[in-house]
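# Fold and geometry: a report
Here's the letter readout for the chains.
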Amino acid sequence: MLYLYNTLARAKQPFRPLHEGHVGMYVCGPTVYGDAHLGHARPAITFDILFRYLTNIGYKVRYVRNITDVGHLEHDADEGEDKIAKKARLEQLEPMEVVQFFTNRYHHDMEALNVLPPSIEPHASGHIIEQIAFVQKILDKGYAYVSNGSIYMDVERYAQDFPYGKLSGRNLEDIVTDTRELDGQDEKRHSYDFALWKKAAPEHIMHWPAVFRYSDNGEIRELHSEGFPGWHMECSAMGTKYLGEEFDIHGGGMDLMFPHHEAEIAQSCAALGHDTVRYWLHNNMITIAGKKMGKSYNNFITLRQFFSGDHHLLSKAFAPMTIRFFILMAHYRSTVDFSSEALEAAEKGYQRMSEAYARLQKLNPAATSTEEVHAVVAELRTRCTEAMDDDLNTPIVISHLFDSSRVINNLADGKATISAEDLSELRAVWQQFAIDILGLQLDTNGGQQTATGGNTAAFNGAIDLLLGIRLEAKRNKDWATSDRIRNALTDLGFTVKDTKDGFEWSI
RNA sequence: GGUCGGUUGCCCGAGUGGUUAGGGAUCGGUCUGCAAAACCGGGGACAGCAGUUCGAAUCUGCUACCGACCUCCA
């Protein structure tokens, strides 16, 4: 039975989907006005794991992850530029060019991390009509008001009928006293009200025409407003459009809990009269030197910089799988502190796991299993399942895989034997948990890069041939030839390891 | 200031009222023509104080320190 930590309940709860056999899941995606950084990889990977696991245990999952391409205002003020427009002006591009550029790069980075594409990836800009309709519903229900051409959520009115703040554990009084003074709040009745629709200032590039009906002292009026949706609106509109008025899971970063997700709940309850989301899941932040990695601190390192090593805090380039493994070594609800050393440690661990996987593929079965081997194999699947069922405890899954790596290494060393039955179970468990669920791209060559280009087979064959000759030389105690081959290969960047009756190599 | 969370060995990082997390580093050993790898073993921990308990890193209280959110943020 899968248990998930539901932020609404502040507790792990057994996961029971609304419709048997099906799961609807919505996750807040990126705002595409810059390259994805390490922090963006966290929710992408976390919910990729959930997507994979749910699928793996037999659910049909509809996974929706949005692209925010309507730039929200940089400051919650009446005037000012949105983030995408600003980027577009700086780069002298159309806003949609900026959006397309970074969306493409986001996809590329996610693919490198082996993050599966979601079932639906809706763009906010493509759902303006749905968002306008959603705002209209809230107006109709009397939970919103018109002010100077914009429409705001009437949070006080809403709080009379629904518990505002239940997700983040706030109440209205706290928010009243604690909300900071911000500029340009004169249109709002209260500082905690938030925009559902903003009239566009003249210099605002991205805007759409909309007509709303609203009641003004009992008189029905029309509001014609050239503007754009408030920044919480797209998730309410697109989530319910593709997953229904009620669906199972909503995910995102902890920093979105308030105000974004709280506002989403308010919008949905106001429009529909009931809650939309059953399980709210939040991943924790990645920190750097103890501080949250984020745009506002300007302390982020982009995924591309990790892949190229082009950043002063990085000792070298790191493969995408190292990043993925690093993130999976910590539980998703814990902060994980980035450092180059921690990443290097993860890299070596991943290497070790990769090598074990490669050896596993080459093992030969014996008549029976050694006692310890059988004991580990017999328990492995259950243990990994229990770890995943316990709120996606990937570090524990990894630790079990490492335990079984020790067994695999013993087998490869000829220090133990494994029956055909156990061997096929062991391979099946690795396939399921390491490859399918954790999404690690372990390969049969110890995780190292092999030749680039299309001639991998020929290349591998040539190296195998060379090392075969060396093996012969070794058998003839011709150390000169043997060392010559190994040294030459080492100089070319290969690593050669002798095994009991053969060799392993990587580059 | 309010709300919430954290403090685990040299480092990263799980965890639960009593039983080895795991990885990296390090030290010793086995194996090996040499090397690498692998394997075996060692040391090293639960911020501090007090309490509950037969027993607490795990529960409670207090203290200290750190962080997140309250503004765009994954």
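This is a predicted model, so every value here is computed, not measured.

Here we take up the pairing of strand β10 (residues 247–253). With seven of seven residues buried, β10 lies mostly within the body of the structure. Relative to β10, strand β3 (residues 22–27) runs parallel, the two being bridged by three bridges. In the strand pairing of β10, M25 is matched with I249. Remark: the β10/helix α8 (residues 257–272)/strand β11 (residues 277–283) crossover connection has right-handed handedness.

A few words on the packing of aromatic side chains. Scanning all chains against the criterion turns up 17 aromatic pairs. By way of ring pairs, the aromatic residues Y143, Y158, F162 and Y164 are connected into one cluster. In this structure, R170 packs its charged tip against the face of F258, placed 4.2 Å from the ring centre.

Its domain assignment divides chain A into domain 1 (21–283), domain 2 (288–437) and domain 3 (456–506). Each partner contributes residues to the interface: domain 1 has 30 residues there, and domain 2 has 34 residues. In total, about 2,800 Å² of surface goes out of reach between domain 1 and domain 2, with carbon and sulfur atoms giving 64% of it. Interface area lost by domain 1 to domain 2 is led by L38, R42 and Y53, which between them contribute 27%. Summed over the shared surface of domain 1 and domain 2, the result is four salt bridges. Between D35 and R304 there is a salt bridge, with its nearest N and O atoms 4.0 Å apart. Counting across the domain 1 and domain 2 interface gives 14 residue pairs in polar contact (both at pLDDT 80 or more). At the level of elements, α1 (38–56), α3 (95–112) and β11 are the ones that each hand at least two residues to the side of domain 1 that touches domain 2. Sort the elements by how many residues they give to the side of domain 1 that touches domain 2 and α1 lands first, with 13 residues.

This part takes up the sheet that holds β11. Paired through backbone hydrogen bonds, the strands of a sheet run either parallel or antiparallel to each other. If you walk across this open sheet you meet the four strands as β4-β3-β10-β11, and the pairing is parallel. Each edge of the open sheet carries a strand with a single partner, namely β4 (60–65) and β11. For this sheet, the mean inter-axis angle between neighbouring strands, taken without regard to orientation, is 20 degrees. Strand direction decides the pairing type here: β10 and β11, joined by six bridges, are parallel. Within the sheet, the bridge partner assigned to G252 lies in β11 and is H282. Seen against the sheet, α8 touches β10 and β11 and runs at an angle of roughly 160 degrees to β10.

Time to look at the protein's contact with RNA strand B. Taken together, 63 residues lie near RNA strand B, and H40, K83, W231, K292 and M293 sit nearest. Counting only atoms of RNA strand B within 4 Å of the protein, the fraction found in sugar and phosphate groups is 65%. Interatomic distance of 2.9 Å between a backbone N/O atom of D337 and a phosphate oxygen of RNA strand B. Counting residues per element, the surface near RNA strand B draws most heavily on helix α13 (residues 394–412), at eight residues. Among the residues forming the surface near RNA strand B, the class breakdown is 18 nonpolar, 21 polar and 24 charged.

Criteria and thresholds
Residues numbered from 1 in each chain as written. Chains lettered and ligands numbered in written order. Predicted model: local features only at pLDDT ≥ 70, side-chain atom pairs only at ≥ 80, totals over all residues. Heavy atoms only, no water. Buried < 20%, exposed > 50% of the residue type's maximum accessible area, 1.4 Å probe, protein only. Helix = DSSP H or I, 4+ residues; strand = E, 2+ residues; numbered from the N terminus. Pairing = 2+ DSSP bridges. Right-handed = clockwise from strand over helix to strand, strands pointing away. Phe/Tyr/Trp six-rings, centres within 6.5 Å; stacked < 30°, edge-to-face > 60°. Lys NZ or Arg CZ within 6 Å of the ring centre and 35° of its normal. Domains from an automatic or database assignment. Contact = heavy atoms within 4.5 Å. Buried area = accessible area lost by both parts, 1.4 Å probe. Salt bridge = Lys/Arg side-chain N within 4 Å of Asp/Glu carboxyl O. Polar contact = N/O pair within 3.5 Å; in protein donor to acceptor, adjacent residues only side chain to side chain. Axes fitted to C-alpha atoms, helices over the stretch in contact; angles between N-to-C directions. Near = heavy atom within 4 Å. Nonpolar A, V, L, I, M, F, W, Y, C, P; charged D, E, K, R; others polar.

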